[in-house]
Amino acid sequence: MFAVHARYRGRSTRRAEHVRASGAALSRLDGVGKVVPSGVEELAAHPRDAVAVTTLTLALLAAGDWSIGIGVSPASDREAAAVAAAGVLGKGGRAGTVRARIRTGDPGGKELSDDIAAAFTLLHHVISRRSPEGREATNLMRAGWTQVEAAAELGVSKQAINQRLQAAGWHAEEAGWSLAVHLLQRAARD
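Rules used in this analysis
Residues numbered from 1 in each chain as written. Predicted model: local features only at pLDDT ≥ 70, side-chain atom pairs only at ≥ 80, totals over all residues. Heavy atoms only, no water. Helix = DSSP H or I, 4+ residues; strand = E, 2+ residues; numbered from the N terminus. Rg over C-alpha atoms; globule rule 2.2 N^0.38 Å. Buried < 20%, exposed > 50% of the residue type's maximum accessible area, 1.4 Å probe, protein only. Contact = heavy atoms within 4.5 Å. Areas by Shrake-Rupley, 256 points an atom, 1.4 Å probe, with all protein chains shown as cover. Lys, Arg positive; Asp, Glu negative; His and termini not counted. Charge placed at Lys NZ, Arg CZ, Asp CG, Glu CD. 1 Å grid on protein atoms, 1.4 Å probe; cavity = no way out; pocket = protein on both sides within 12 Å on 5 of 7 lines; lining within 4 Å. Points joined across faces, edges and corners; volume = space filled by probe spheres on them. Salt bridge = Lys/Arg side-chain N within 4 Å of Asp/Glu carboxyl O. Pairing = 2+ DSSP bridges. Axes fitted to C-alpha atoms, helices over the stretch in contact; angles between N-to-C directions.

Attention shifts here to the overall build of the protein. Within the protein one finds eight helices and five strands. Ordered by position in the sequence, the α and β elements of the protein form the string β-α-β-β-α-β-α-β-α-α-α-α-α. Relative to a compact globule of 190 residues, whose C-alpha radius of gyration would be 16 Å, the protein shows 17 Å and is just as compact. Along the longest, intermediate and shortest principal axes, the C-alpha atoms of the protein span 50 × 40 × 25 Å. The buried share of the protein, taken over its 190 residues, is 42%. Restricting the contact set of the protein to residue pairs at least 6 apart, pairs at least 24 apart contribute 66%. For the protein, the accessible area works out to roughly 9700 Å², and carbon and sulfur atoms hold 51% of it. Separation of charge centres in the protein, based on 24 positive and 19 negative side chains, amounts to 6 Å.

This next bit is on empty space enclosed by the protein. Tallying each qualifying case throughout the model produces one cavity of 30 Å³ or more. In this model, the largest cavity occupies a volume close to 40 Å³. In terms of lining residues, the largest cavity is bounded by V4, H5, A6, L26, V35, L43, A44, A45, L56 and L60. Of all the secondary-structure elements, those providing two or more residues to the lining of the largest cavity are β1 (2-8), β3 (42-45) and α2 (50-63).

Before going further, it helps to spend a moment on the environment of A84. With respect to the secondary-structure elements, A84 resides in helix α3 (residues 78-89). The class of A84 is buried, set by a relative accessible area of 0%. Distance in space between the C-alpha atoms of A84 and G69 is 8.0 Å, their sequence separation being 15 residues.

Let us look at the pattern of salt bridges. This structure, assessed with the given rule, holds 10 salt bridges. When the shortest N-O distance is used, the salt bridge between E42 and R7 registers 2.8 Å. One end of the pair, E42, is in strand β3; the other, R7, is in strand β1, and 35 residues separate them in sequence. For E42, a relative accessible area of 18% puts it in the buried group. R7 gets classed as buried once you look at its relative accessible area, which sits at 6%.

Take the layout of surface pockets next. A volume near 260 Å³ is recorded for the largest pocket. Surrounding the largest pocket, 16 residues form its lining, L58, A62, I127, N139 and R142 being those nearest its centre. Listing elements by their share of the lining of the largest pocket, those giving two or more residues are α2, α4 (109-128) and α5 (132-142).

This next bit is on the sheet that holds strand β5 (residues 98-102). Taken in spatial order, the five strands of this open sheet run β2-β3-β1-β4-β5, and their pairing is mixed. Strands at the two margins of the open sheet, each flanked by one partner only, are β2 (36-37) and β5. Across four bridges, the pairing between β1 and β3 is antiparallel. Within β3, the residue paired with A6 across the bridge is L43. Lying over the sheet, α2 contacts β1, β3, β4 (66-72) and β5, oriented at roughly 165° with respect to β4.

Take G10: it is sitting in the loop between β1 and α1 (15-26). You can call G10 buried: its relative accessible area is 10%. Considering only alpha carbons, one finds G10 and A24, 14 residues apart in sequence, at a separation of 18 Å. In this structure G10 touches R15 and D65, once residues within four positions along its chain are discounted.

Listed below in structure tokens is the structure:
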């Protein structure tokens, strides 16, 4: 069982409204389920699987204004996962940080939690340095478009899309995505 707890760290003067709107938008992501406000500046969700956790976490990282906690309970205990996600986040947290906690008796759980956080730190590094054109291209690729389709949509050549994807670190994101999903799946089994 997975849980994600996020705290808004941006500068919006209408925090509660921004958090509610973000929760509604994030709830539309495949497999994420309902993302509910928790207080004025926090969101909580129970994504259905490791892919949905990764999707939600990357969306929050791409927004740039969230500190994120991921909780995993191999025993399918929803409440334990939620407590782990909120607890690992603590009272603070900087925007763009991800922490993870696995509820397990296995002493290797701490190391696996650190590995999950490290994978998302690397992904954040890649996505935070993208140009607007790079974000456009990678968003289309993530949505399942081919490079030819993306080029036609953006009105540029296939070569230009390829160059944008290279500059945006698309291949690094794909590798990091796969790593994060596999680590989360492993954590849910342990």
